[in-house]
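Examination of the molecular architecture
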Amino acid sequence: MNATKHWPRRAFSLSRVLLLSRALSTTTTSTTFALKHVKRSNFDSALVELRSHVRAADFVAIDMEMTGVTSAPWRESFEFDRFDIRYLKVKDSAEKFAVLQFGVCPFRWDSLKQSFIAHPHNFFVFPRQEIQLEGPSYEFLCQTTSMDFLAKYQFDFNTCIKEGISYLSREQEDEARKRLKSLYGDQLTDLSHGLNENMDLPLVRVTDILFTERMKKRLSEWRDELLQHKVAGPQDQRASDDLNQQFQTVFFKMRPALRLNGFTCHQLSLIRMVTRKHFKDLTYVRFGGESSSQELVVYTDSEIDKDRLVEEVQKEHQRRAEMKITAAVGFRHVIDLLSSENKLIVGHNCILDIAHIHSKFLGPLPLTAEEFVSCINNYFPKIIDTKILLNADYKLQQRMKRSSTSLSSAFSLLCPEIAHGSKSKVLSSQPCVKVEVHVDDMRSSDWNSGAKHEAGYDAFMTGCVFAQACNHVGIDFQLHSPSENVAQNEKLQKHMNLLYLSWINGDIIDLRTGNRTAELFASNNIRKQFPQIVFEKIVLIWGFPSKLKQGAIRECICKTLGPTSVVSIYRIDQSAVFVQFSMSELVSDFLLLKESLEQSNDAISVLHPLSQLLEGGNTHAASYETYKEICASPVSKVLFADQAEAVGIKWKTKLLPSNVEVSQESNSFCPENAPDAPEAVEKSDIRKTEAAVNDSSKKGLALHEIIDSFLKV
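The structure displayed is predicted, hence computed values, not measured ones. (Residues numbered from 1 in each chain as written. Predicted model: local features only at pLDDT ≥ 70, side-chain atom pairs only at ≥ 80, totals over all residues. Heavy atoms only, no water.)

**A closer look at the overall build of the chain**
Each helix and strand in the chain was counted, giving 29 helices and 22 strands. Out of the 713 residues belonging to the chain, those deemed buried represent 49%. Here the chain displays about 35200 Å² of accessible surface, and carbon together with sulfur accounts for 53% of that area. (Helix = DSSP H or I, 4+ residues; strand = E, 2+ residues; numbered from the N terminus. Buried < 20%, exposed > 50% of the residue type's maximum accessible area, 1.4 Å probe, protein only. Areas by Shrake-Rupley, 256 points an atom, 1.4 Å probe, with all protein chains shown as cover.)

See below:
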């Protein structure tokens, strides 16, 4: 009796122990099954399924795997990069590298399960040229570090190249439709392209004359048999001979026809001429695609029947052309789906992803950031960057504990139950939003694909991070109804359509306006290494001796312009630097002095402190605007100095326009520029030095006089 009473208690205690041990265990088992990999072979069926998932989704997370990020070391994002130049670097990357995988993961909130239902898709993409377009075939760069990274995580390059889904951008599709229409319009029938041939082919060779006579006889015999109702059956010896040779009687569009096999292009032209010239009731038809086509001579009862045949052929031809273009559009159907359904698109640090979408699937990237955001906002008016969300909310910053906001770190910290496959691995004041994964017939609430850094899985992680971040900022999905739109939530509105143009500087671009926006919190201050950057005070110098270090460059400039003239120096690469001066006037002074020294070519130039910088005669200098000009070029040389040469820069010094100098002079009056200020004295000194150089060249002073005058200055 007592035993039976105590047994339930023991069982209950045991179950509690088991649950507690599972909760505290560091080794957990999660359900593992593969992503839904989509290739050419299953793309059509996968697209149908994805369409239904996207239509039902609350948001769609995306991610990509690319062949590289930067085409040259100086194309990296620098702290000294201006807003418009950062866009040019993103543009260069999107234009030069290829997308090999595209991850799409729709998330739908299930109010009954109180969980998100995720459908991760991993698309293999490859820019295969399915139809002929203007210009050369597709080309792209591969960055060794990126390719090595993909190989490290077992990226299947063979599947990507062989089975990857090709695509056309919207612009390429328009071009293809125009080209196919023009091309096939010239090949439909003799009525569409032959009747405008007013002149017959000249029959110069005897073989051509004999051939046309033979064809005339053969076509006449075949037509006469048709008119006399003596068309040979399939067992007829002549039909067999024709089949084994070059003629075969067939039916085309419910009309008797003679299929022509094994003739050369010249012979077919002669047959077309014979048909048009000698047989009013026979019509020459070329039907098929660019690579394979059928050459036919079709019998028609009347002119009306002939016109009807032409119309039928045209419609069939248009249908086949449309099917071919639609097939060539390929993966862009997915992009069109995301755009047409007007869903909230979620990415992680996704400015480059969005640029790739524009470059690969919409059309060439615009020259300016303003044009870019205008176009993107038309196609995707609702975009959230989870990196923005993580850095904009104080609670999330505390939750991240100042750790890296990379996708893997954010996923591990914010979604531990999903990331580690445990229901209660980490105790948290903020419960984790549940996510259940569906892949075909597979279901799991603690899913692990078993493969990191696949675009489909990274898209899944991005969506999970977004869901958990929303939970932290106060969005309660348990109160969410299917009719509600997550994108319209007021707590998300202030983060909507903001992307990091540069994570290094914390520069944010607003996709609604194209304007630069500051971070809501000063989380990026720890990333800044330089004083406040003023682009009007910056000189770009390149081509100097590679042995010259930053300290030596600063020293030779400060000896000339004063000890406080240089605020900071930033090395672009071994061949180029930025020099930021303390005053904008010093930019003009430095450029004028450099040009004067290079033109004077006398003894004082050798003794001048800047001679070390100018050694070799290849040193170039200009204002910051020249940097933009060089970055805008599609060329990418490894060294910046080589890039400048490839762009076509021949001059050594580019002076500021006179109106810029006047403007700077008129606005330069302030306490630090007063006559007694040290900076003013330095400015006066540089002009005296320049005057000494000019005097030496004009008056032909002796060497000791030049040195004395220089030392006095």
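**Re the side chain of Asn 497**
By secondary structure assignment, the location of Asn 497 is in the loop between helix H20 (490–493) and strand S16 (498–502). Its relative accessible area of 2% is what places Asn 497 among the buried residues. Setting aside anything within four residues of it in sequence, one finds Asn 497 in contact with Asn 377, Phe 380, Pro 381, Lys 382, Ile 383, Ile 509, Asp 510, Leu 511 and Arg 512. (Contact = heavy atoms within 4.5 Å.)

**Considerations on the layout of surface pockets**
Computed from the structure, the largest pocket encloses a volume of approximately 1100 Å³. Looking at the largest pocket, it is lined by 37 residues, and the ones nearest its centre are Met 66, Val 69, His 348, Asn 349 and Leu 352. Broken down by element, the residue count for the lining of the largest pocket peaks at 5 residues, all from helix H3 (residues 83–96). Within the lining of the largest pocket, the residues separate by chemical class into 14 nonpolar, 13 polar and 10 charged. Surrounding the second largest pocket, 25 residues form its lining, Glu 95, Tyr 138, Glu 139, Gln 172 and Ser 359 being those nearest its centre. Among the elements of the structure, H3, helix H6 (170–185) and helix H13 (351–362) are those that each provide at least two residues to the lining of the second largest pocket. By residue class, the composition of the lining of the second largest pocket is 11 nonpolar, 7 polar and 7 charged. (1 Å grid on protein atoms, 1.4 Å probe; cavity = no way out; pocket = protein on both sides within 12 Å on 5 of 7 lines; lining within 4 Å. Points joined across faces, edges and corners; volume = space filled by probe spheres on them. Nonpolar A, V, L, I, M, F, W, Y, C, P; charged D, E, K, R; others polar.)

**Here we look at helix H21 (residues 550–561)**
For H21, with 12 residues, the first-to-last C-alpha span of 16 Å sits near the 16 Å given by 1.5 Å per residue. Of the positions making up H21, those classed as buried are Ala 552, Ile 553, Cys 556, Ile 557, Cys 558, Thr 560 and Leu 561. Phi for Gly 562, located one or two positions after H21, is positive at around 115°. (Expected span 1.5 Å × (residues − 1).)

**Considering the nonpolar core**
In this structure, Phe 102, Phe 123, Phe 331 and Tyr 627 are the most contacted members of the largest nonpolar core, which totals 71 residues. The element contributing the most residues to this core is H13, with 7 residues. By size, the runner-up hydrophobic cluster in this structure holds 45 residues, among which are Phe 59, Cys 415, Val 435 and Cys 464. (Core = buried A, V, L, I, M, F, W, Y, C linked by side-chain atoms within 4.5 Å.)

**Observations regarding the packing of H3 against helix H25 (residues 624–631)**
As a packed pair, H3 and H25 sit with axes 10 Å apart at the nearest point and diverge in direction by 15°. By the angle between their axes, H3 is roughly parallel relative to H25. Regarding H3 and H25, the two cross each other, and that crossing is left-handed. Seen from H3, the contacting residues are Asp 84, Ile 85, Leu 88 and Lys 89; seen from H25, they are Tyr 624, Tyr 627, Lys 628 and Cys 631. (Axes fitted to C-alpha atoms, helices over the stretch in contact; angles between N-to-C directions. Parallel < 35°, antiparallel > 145°, perpendicular 65-115°, else oblique. Left-handed = near helix turned anticlockwise from the far one by under 90°.)

**Details of the sheet that holds strand S17 (residues 507–510)**
Spatial strand order, S16-S17-S18: 3 strands in an open sheet with antiparallel pairing. The strands lining the two open edges of the sheet, one partner per strand, are S16 and strand S18 (516–517). As paired strands, S16 and S17 are joined by 4 bridges and run antiparallel to one another. When the bridges of S17 are listed, Ser 502 appears paired with Asp 507. Lying on the sheet, H3 is in contact with S16, S17 and S18; it crosses S16 at an angle near 90°. (Pairing = 2+ DSSP bridges.)

**Remarks on the pairing of strand S3 (residues 59–66)**
Counting buried positions along S3 gives 8 out of 8 residues, so the element sits mostly inside the fold. Across 8 bridges, S3 lies against strand S4 (residues 99–110) in antiparallel orientation. What sits directly across from Asp 63, in S4, is Gly 103. Examined bridge by bridge, S3 and strand S11 (residues 344–347) share 3 bridges and lie parallel to one another. Paired with Ala 61 across the bridge in S11 is Val 346.

**Regarding unusual backbone geometry**
Even without being glycine, Asp 440 reaches a positive phi, approximately 55°. Locating Asp 440 in the fold gives a position in the loop between strand S13 (435–439) and strand S14 (442–444). The phi dihedral of Asn 497 falls on the positive side, at around 60°, and the residue is not glycine.

**Points about the sheet that holds strand S21 (residues 576–581)**
Here we have 4 strands laid out as an open sheet, ordered S20-S21-S19-S22, and antiparallel in their pairing. Because the sheet does not close on itself, it has two edges, and the strands there are strand S20 (566–573) and strand S22 (620–623). On average, each strand axis in the sheet is inclined to that of its neighbour by 20°, with strand direction left out of account. Here S20 runs beside S21; their pairing, made up of 6 bridges, is antiparallel. Looking at the pairing, Tyr 570 lines up with Phe 578 of S21. Against the sheet, helix H22 (residues 585–600) makes contact with strand S19 (538–542), S21 and S22, and its axis sits at roughly 150° relative to S22, the strand it touches most. Where helix H26 (residues 640–647) meets the sheet, it contacts S19, S20 and S21, and its direction lies at approximately 90° from that of S19.

**Examining the state of the cysteines**
A covalent bond bridging the sulfur atoms of two cysteines is what the word disulfide describes. Counting across every chain of the model gives 0 disulfides. Left without a disulfide partner, Cys 556 is nearest to the cysteine sulfur of Cys 558, which lies 8.6 Å away. For Cys 556, a relative accessible area of 2% gives the class buried. (Disulfide = S-S within 2.5 Å.)

**Side note on the packing of helix H8 (residues 206–227) against helix H10 (residues 265–278)**
Taken N-terminus to C-terminus, the directions of H8 and H10 make an angle of 55°; their axes are 10 Å apart at the nearest point. One finds that H8 runs oblique with respect to H10. Read as a crossing pair, H8 and H10 show a hand that is right-handed. In contact with Asp 208, Phe 211, Thr 212, Met 215, Lys 216 and Leu 219 of H8, H10 contributes His 266, Gln 267, Leu 270, Ile 271, Met 273, Val 274, Thr 275 and His 278. In terms of residue class, the contact of H8 with H10 is built from 7 nonpolar, 5 polar and 2 charged.

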